[in-house]
2 protein chains.
Amino acid sequence: MSSTATAPTEPPAESSGPVDTGALRALLDGRWASVRDDVRAQLGGRRLHPDPDWSTEEHRAYTTGLARELADTGRATLGFTGEHGGEDDIGGSVTSIEMLAYADLSLMVKAGVQWGLFGGAVQALGTDVHHHRYLRDIMSFALPGCFAMTETGHGSNVGAVETTASYDVAAGEFVVHSPTPSARKDYIGNAARDGRMAVVFAQLITPAGRHGVHALLVPIRDVDGRPCPGVTISDCGRKAGLNGVDNGRLVFDSVRVPRDALLNRYGDVAEDGSYSSPIENQNRRFFTMLGTLVRGRVSVAGSAASATQSALAVAVRYGLRRRQFEAPGRDGEVVVLDYLVHQRKLLPALATSYALHFAQEELVVRLHETQTGGSSSDGAETAQRELEGLAAGMKAVTTWHATHTIQVCREACGGAGYLTENLLPQLKADTDVFTTFEGDNTVLLQLVAKGLLTEYRDYVGDLNALEMVRFVTEQVVATIAERTSARGIAQRFRDPAPDDPAWHRSLLADREEHLLATLARRLRRAGADGADAFAVFNAAQDHLLHAARAHVDRWVLDGFDAGLARCADDGVRALLEQVRALYALSLVEADRGWFQEHDRLTASQSKAVIATVNTLCGQLRPHAGALVDGFGIPEPWLDAAILRET
Amino acid sequence: MSSTATAPTEPPAESSGPVDTGALRALLDGRWASVRDDVRAQLGGRRLHPDPDWSTEEHRAYTTGLARELADTGRATLGFTGEHGGEDDIGGSVTSIEMLAYADLSLMVKAGVQWGLFGGAVQALGTDVHHHRYLRDIMSFALPGCFAMTETGHGSNVGAVETTASYDVAAGEFVVHSPTPSARKDYIGNAARDGRMAVVFAQLITPAGRHGVHALLVPIRDVDGRPCPGVTISDCGRKAGLNGVDNGRLVFDSVRVPRDALLNRYGDVAEDGSYSSPIENQNRRFFTMLGTLVRGRVSVAGSAASATQSALAVAVRYGLRRRQFEAPGRDGEVVVLDYLVHQRKLLPALATSYALHFAQEELVVRLHETQTGGSSSDGAETAQRELEGLAAGMKAVTTWHATHTIQVCREACGGAGYLTENLLPQLKADTDVFTTFEGDNTVLLQLVAKGLLTEYRDYVGDLNALEMVRFVTEQVVATIAERTSARGIAQRFRDPAPDDPAWHRSLLADREEHLLATLARRLRRAGADGADAFAVFNAAQDHLLHAARAHVDRWVLDGFDAGLARCADDGVRALLEQVRALYALSLVEADRGWFQEHDRLTASQSKAVIATVNTLCGQLRPHAGALVDGFGIPEPWLDAAILRET
């Protein structure tokens, strides 16, 4: 489509000839290409988009039907352990979720709730008794379930949930209870309509005292779909999007469950009420539990990336067909993607989507290796924490990219982009919540920065400022400062050149290290006598977020380079090197205020960056169609009316 | 609400005590305060938000019902001339539309289509015969109508619409026809369900030839609601938002209308087929016609501003109630608006909403004076063009502010912000199209820049690059350059001071003039022999948009100052001076890359700007509740569930 639609008004491309789209797609498909092809083969022949005039109930029923269809393919078994019928393929399970996100986002979330969150929690936090009893029914969707962590009063600070699970020694049961209105479990997927059981996160209480947050399996509906005694279920109602998913609310009025309802891998209660755990520290225990659930964030990042690619495919293809305004020396009206500002809307975003796609592949590989490696050495623990940091950072950066880019794509299609028949409204509405679910992006970036400051030496999962300060020791500051200083010198000796990939990386790496080193110095002051630790910490909050963002940006660029290193096709590599340059320089351009403030760019270098972004946009313009074709999205999933009309 | 919800964790405010919210609101209500109070009195006691699970038809019926209710109040007569039952109050009519935008955006658009676009076109482009025949029925909603300008193939370039209106001398009739699929009228409000008549924009053809685009009144449905012979009506279907408005498509198959169907104020066809017009030049004639319809853009700007204020009111109030994470030295969890990054999300946006509100008041006054002044001198013509430029610029800047800010407000409310019961999804979905309807923002900003370059000496309504270049004469360049140079010197002699209002203005004014002068010099090169005018123009397109934006930003700041000058309450003025500083400095901060590149800010001044924005956020934090209360939005319209729960 890109070649036939190339504008007659377009001057000859400076780059090489047409790229091999097949080779491009094979590179993007990556390690789990076969999973991608399976999903394409199963669902790629159909347009799955919901009827926009369905009632909420109709949409939910449709989505549940699709989820059952998925279960029947057996693909839901990918992420579960082999001993209970799974396939031990964590990377494959995440990749299959990413593929669903191209097809239908309600389906992706419904599947993610059932098999990722609910099933994943039973797998990761439970033990044999739970696996044996439930995993097969979870995989087959015979037991639809919920992941009931967030409460009305606590979303980001989940360590402070108010629901209690008190052990009654005499009865040998736990009593699950919502003591206050704000203890209500809220926004829970699968709760309003389908869920039969919930993994409920609650403060565990035994006669000896409180042991922090643990998860228990609590039946919420009987086989006839009626709420269980003591469980009040209500409906979150209509949402901005994802209306195929039945989000609801759960309130527990002293609901009794047997002792083995406790998912007891990280903490157990004996019949006599005595508590035991392999992890002594309560905070550390909770964040270890949460860490096992990292797959959810990785999946959201990947799904946001997929949805963004779909939006870009629609907008770029439309931009190659749509003409508006005549111009001197041009035949007919100008193809809108020939306008510089239209290129600037879409092409840096497209380059960023490429970068994030390659980085996501690296993240999924790391998740897969970490979770299937199974070592328990100190190195493995640090690797797990690094993984959590990267997952948090990638989730934040990718979902914000989705929100921004899908909006831009909508606008780039004008009034047509506002019509549901052109897919963009659904993509926009469905992805909007990604920036805040599975962890609010702003909170996640703070976790990233804290991980970096402490070099992942311990869990710093909550926002307690004093705890933070304790970690920012002299030693950490010294280490970071030393590293920074060495690289800073290398940086100053390098001649800047807008088209030099090494310069791009050194700019991003230097920014990351400088922001981190200066942040460490600022925060250390919070530990001084008489300092108001919160005030010091709060005043540095924008600095902290910037440091985290700079870290993710540099890591994503490295992911792009890893993708390039895998590329065997010269034409594809040459094209992707331009895409990489556009990604890197558009980041530098967006933050050129900072680069000048910190003497990393002179005024004239900064202007040169802008000019180079413009040049790269023009050079990539003839390849824009091929670049979106390379995503390999089945055409029925991109069946927008504006791409059908002539 | 703001005072009771102020956090116990909050350090004492540096500013003075509580502000007089009544005085603040009176200042914001401005010249048409009585219209605002009328709408509040009529509709302010009710929650008007649609049921989110309504079908499209149910929502449309509801909105039409509300529009009829409005018509019955007689307020629709505000914008029409007195001789036919109107009230000659243009400013009042725009203000009433802005008020509807707080209440229900589908209703606002439905009213805007009927009385602003359809009625406004009959009023402005028609003559006595049309006024006498139709205006009363339009005002009473007895005759629901459409404004059929945009076609599937032409939205921004409306001068190139393909629909034809050919005069048949023998029959004394016009034949209205859609010659191609892309000539289909598209996205037409009131077309899919209610419209009985349409103002159709078409290329007028007489035996002597073509005369450019003119508007005709074409019946599209009979009294029983059946499409008229030759008229094919279809439905645009579900949209991202505004589903109370029935957007549709119209195709004409040689539809005959009498000669007096032509709205003939600017061009007429005599019985014998001879054409006459008070304006010789075809292009100029068309843009004069379009210019009379400027009210639509002013209304969209104002409505976007209202919706943004509603979103800010919800998010700020929630930010004052919501607590998350404990902090050392604080009782309980921290109120989220105490976090710097939460302040940074909401408070600069709130300051910008204040700035835009005052600027909108200036724009409405200017519209009112221009359209009720009635002079036809050269000065009046330049004033009209300046008004069009300002309306275009304000529409672009205000609607982008809305899209950005409502998104941020959604995210600032987390998962709750995604639920329809909390209003933000509807606000977001409904306003999303504002950035592209009534003129695509990117195209509008180009019109602004062209107006500035030509000093509004002639119409440059389309994007023809050569025509543009013709206007960028030596003289214009010299004038702009001279002015810039004088101000530039003044600027360089001024000591920068982050808290000096004069410094803020000089930064913005200097940026505007520098961008414009350098743009003029760049574009002049396009006129050189052998130059590819389109290429030169296109390469400067980002520069052009930046210049336009800089102009609007400076103009908005002047609007803020005009509002301050009207302020009689010392406490309110002191608070608003801080708000103004935050508005101005957040603009400077966002563009500090440019200010450094052009030697307007040193690196350390640039850092000081960031620090001052942070300081101002902290200083305004205790007044955030009062600032949103000042908008005077009736509480039932802000009835979000998250603000009800305890």
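Residues numbered from 1 in each chain as written. Chains lettered and ligands numbered in written order. Predicted model: local features only at pLDDT ≥ 70, side-chain atom pairs only at ≥ 80, totals over all residues. Heavy atoms only, no water.

1. A few points about the sheet that holds strand β4 (residues 185–188) of chain A
Sheet strands associate in pairs through backbone hydrogen bonding, adopting either a parallel or an antiparallel arrangement.
Residue and element names in this part refer to chain A.
Alright, step 1. Within the open sheet, the 3 strands sit side by side as β4-β8-β7. Their pairing is antiparallel. For this open sheet the edge positions go to β4 and β7 (231–235), each flanked by a neighbour on one side alone. Neighbour-to-neighbour, the strand axes of the sheet open up by a mean angle of 20°, direction not taken into account.
Alright, step 2. Here β4 runs beside strand β8 (residues 248–252); their pairing, made up of 2 bridges, is antiparallel. Looking at β8, one finds that I188 is bridged to G248. (Pairing = 2+ DSSP bridges. Helix = DSSP H or I, 4+ residues; strand = E, 2+ residues; numbered from the N terminus. Axes fitted to C-alpha atoms, helices over the stretch in contact; angles between N-to-C directions.)

2. Remarks on the sheet that holds strand β7 (residues 231–235) of chain B
All names here are of chain B.
Alright, step 1. Strand order across the open sheet formed by 3 strands is β4-β8-β7, with antiparallel pairing between neighbours. With one partner strand each, in any of the chains shown, β4 (185–188) and β7 form the two edges of the open sheet. Neighbouring strand axes in the sheet, compared pairwise and without regard to direction, differ in orientation by 20° on average.
Alright, step 2. Pairing analysis gives 5 bridges linking β7 to strand β8 (residues 248–252), with the strands arranged antiparallel. Note that in β8 the partner of V231 across the bridge is F252.

3. Overview of the relation of the copies chain B and chain A
Alright, step 1. Once chain B has been moved 0.0 Å along the axis and rotated by 180°, it coincides with chain A to within an RMSD of 0.0 Å. The superposition operator between the copies reduces to a two-fold rotation axis. Considering only C-alpha atoms, the residue of chain B closest to the rotation axis is G593(B), which sits at 1.9 Å.
Alright, step 2. When you check the interface residues of chain B against chain A, 99% turn up at the interface there too, and the contact is symmetric in its surfaces. (Least-squares fit on C-alpha atoms with pLDDT ≥ 70 in both. Contact = heavy atoms within 4.5 Å.)

4. Focus: empty space enclosed by the protein
Alright, step 1. Taken as a whole and judged by the stated rule, the model has 8 cavities of 30 Å³ or more.
Alright, step 2. A volume near 710 Å³ is recorded for the largest cavity.
Alright, step 3. Lining the largest cavity are 39 residues; nearest its centre among them are K239(A), A240(A), A429(A), A240(B) and A429(B).
Alright, step 4. Sorting the residues of the lining of the largest cavity by element identifies α11 (378–412) and α12 (424–431) of chain A together with α11 (378–412) and α12 (424–431) of chain B as the ones contributing at least two each.
Alright, step 5. Element by element, the count of residues in the lining of the largest cavity is highest for α12(B), at 6 residues. (1 Å grid on protein atoms, 1.4 Å probe; cavity = no way out; pocket = protein on both sides within 12 Å on 5 of 7 lines; lining within 4 Å. Points joined across faces, edges and corners; volume = space filled by probe spheres on them.)

5. Observations regarding the pattern of salt bridges
Alright, step 1. Counting across every chain of the model gives 88 salt bridges over all chains.
Alright, step 2. In this structure, D29(B) and R40(B) form a salt bridge, with 2.9 Å as the shortest nitrogen-oxygen distance. In this pair, D29(B) sits in helix α2 (residues 21–29) while R40(B) sits in helix α3 (residues 33–43), placing the two residues 11 residues apart along the sequence. For the pair formed by D29(B) and R40(B), the shared burial category is buried.
Alright, step 3. Across the salt bridge formed by R317(B) and E635(B), the nearest N and O atoms sit 2.8 Å from each other. Within this pair, whereas R317(B) is found in helix α9 (residues 295–321), its partner E635(B) is found in the loop between α22 (624–629) and α23 (641–644), the two being separated by 318 residues in sequence.
Alright, step 4. Linked through salt bridges whose partners overlap, the residues forming this network are E57(A), K110(A), R193(A), D194(A) and D246(A). (Salt bridge = Lys/Arg side-chain N within 4 Å of Asp/Glu carboxyl O. Buried < 20%, exposed > 50% of the residue type's maximum accessible area, 1.4 Å probe, protein only.)

6. Considering the packing of aromatic side chains
Two numbers describe a pair of aromatic rings. These are the distance of the centres and the angle of the planes.
Alright, step 1. Tallied over the entire structure, the rule returns 22 aromatic pairs over all chains.
Alright, step 2. Aromatic rings pair up to connect Y354(A), F358(A), F560(A) and F631(A) into one cluster. (Phe/Tyr/Trp six-rings, centres within 6.5 Å; stacked < 30°, edge-to-face > 60°.)

7. Some remarks on the interface of chain B and chain A
Alright, step 1. Each side of the interface is counted separately: chain B has 84 residues, and chain A has 83 residues.
Alright, step 2. Of the roughly 6,700 Å² buried at the junction of chain B and chain A (both faces included), carbon and sulfur atoms supply 51%.
Alright, step 3. Considering only the surface of chain B that becomes buried against chain A, F325(B), Y418(B) and E597(B) emerge as the three largest contributors, covering 12% of it.
Alright, step 4. The partner of D53(A) in a salt bridge is R238(B), with the nearest N and O atoms 3.4 Å apart.
Alright, step 5. When the residues that make up the side of chain B that touches chain A are grouped by side-chain class, the tally is 32 nonpolar, 26 polar and 26 charged. (Buried area = accessible area lost by both parts, 1.4 Å probe. Nonpolar A, V, L, I, M, F, W, Y, C, P; charged D, E, K, R; others polar.)

8. Re the side chain of H131(B)
Residue and element names in this part refer to chain B.
Alright, step 1. Structurally, the position occupied by H131 is in helix α7 (residues 128–140).
Alright, step 2. Only 3.2 Å separates the side chain of H131 from the backbone oxygen of V122, close enough to count as a polar contact.
Alright, step 3. Apart from the residues within four sequence positions on either side, H131 is in contact with H84, V122, Q123 and G126. (Polar contact = N/O pair within 3.5 Å; in protein donor to acceptor, adjacent residues only side chain to side chain.)

9. Structural notes on the packing of helix α10 (residues 340–373) of chain A against helix α18 (residues 541–565) of chain B
Alright, step 1. Where α10(A) meets α18(B), the closest approach of the two axes is 8 Å, and the angle between their N-to-C directions is 90°. Taken as axis vectors, α10(A) and α18(B) run roughly perpendicular relative to one another. Across from L340(A), V341(A) and R344(A) in α10(A), the residues of α18(B) making contact are Q541(B), D542(B) and L545(B).
Alright, step 2. Class assignment of the residues belonging to the contact of α10(A) with α18(B) gives a composition of 3 nonpolar, 1 polar and 2 charged. (Parallel < 35°, antiparallel > 145°, perpendicular 65-115°, else oblique.)

10. Quick look at the confidence of the model for chain A
Alright, step 1. Averaged over every residue, the pLDDT of chain A is 91; residues scoring 70 or more account for 90%.
Alright, step 2. With pLDDT under 50 throughout, residues 1–15 of chain A is counted as low confidence; its partners more than four residues away or in other chains account for 28 contacts. (pLDDT = per-residue confidence, 0-100.)

11. With respect to a negative patch on the surface
Alright, step 1. A cluster of acidic residues, E83(A), E87(A), D88(A) and D128(A), forms a negative patch on the protein surface.
Alright, step 2. Following the sequence through the fold, D88(A) ends up in the loop between α4 (56–73) and α5 (90–103). (Patch = residues over 30% accessible without salt bridge, like charges linked within 9 Å, V, L, I, M, F, W, Y side chains within 5 Å. Areas by Shrake-Rupley, 256 points an atom, 1.4 Å probe, with all protein chains shown as cover. Lys, Arg positive; Asp, Glu negative; His and termini not counted. Charge placed at Lys NZ, Arg CZ, Asp CG, Glu CD.)

12. Overview of the side chain of R249(A)
Alright, step 1. Examined against the element boundaries, R249(A) turns out to sit in strand β8.
Alright, step 2. For R249(A), a relative accessible area of 7% corresponds to the buried category.
Alright, step 3. Among residues more than four places away in sequence, those in contact with R249(A) are R184(A), K185(A), D186(A), T232(A), I233(A), S234(A), D235(A), C236(A), L419(B) and E421(B).

13. Considering the environment of K239(A)
Alright, step 1. For K239(A), the position within the fold is in the loop between β7 and β8.
Alright, step 2. Considering only alpha carbons, one finds K239(A) and R295(A), 56 residues apart in sequence, at a separation of 25 Å.
Alright, step 3. Other than its neighbours up to four places away in sequence, K239(A) contacts V245(A), N247(A), Y418(B), L419(B) and T420(B).
Alright, step 4. A polar atom in the side chain of K239(A) sits 2.4 Å from the side chain of N247(A).

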